[in-house]
Amino acid sequence: MTRPESVHYLRTEPTMAFPDGRLLARKQRELYLLAPDGWTRLGVDRPVDAKPLTRQEAEDWCEREGIDWQAFEGL
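Residues numbered from 1 in each chain as written. Predicted model: local features only at pLDDT ≥ 70, side-chain atom pairs only at ≥ 80, totals over all residues. Heavy atoms only, no water.

*Asks:* Tell me about the side chain of Glu-59, residues and numbers included.
*Replies:* Looking at the secondary structure, you find Glu-59 in helix α1 (residues 55-65). Judged by relative accessible area, which is 18%, Glu-59 ranks as buried. For Glu-59, the contacting residues outside a window of four places in its chain are Trp-69 and Phe-72. (Helix = DSSP H or I, 4+ residues; strand = E, 2+ residues; numbered from the N terminus. Buried < 20%, exposed > 50% of the residue type's maximum accessible area, 1.4 Å probe, protein only. Contact = heavy atoms within 4.5 Å.)

What follows is the structure, encoded as structure tokens:
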């Protein structure tokens, strides 16, 4: 039996400032936003329009956005 993912990834809807949305992660009940310098804690409320992503999709998003891999792994 495999263990469930401890981190669940989400992507916000696109905006003018962020055409590919923003990457979010939920670890336990806490929600985090990925910025170029690492994860920022947002609290517990999930944006209504956030879509679930697999870890691979989240990694691909980071690659497209040019986010440093170390920042992604820091959660």
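*Asks:* Explain α1 residue by residue, including any values.
*Replies:* Since there are 3.6 residues in each turn of an α-helix, residues three or four apart along the chain are aligned in direction. Those residues of α1 that sit buried are Ala-58, Glu-59, Trp-61 and Cys-62. The buried residues of α1 occupy one face: seen down the axis, they fall within an arc of 155°. Away from its buried face, by an angle of more than 90 degrees, α1 presents the exposed residues Glu-63 and Arg-64. Summarising the contacts, the buried residues of α1 are in contact with β1 (7-11), β2 (23-27), β3 (30-35), β5 (51-53) and α2 (69-73). The first or second residue beyond α1 is Gly-66, which carries a positive phi of 75°. (Arc of directions from axis to C-beta.)

Taken by themselves, the reported measurements are silent on function.
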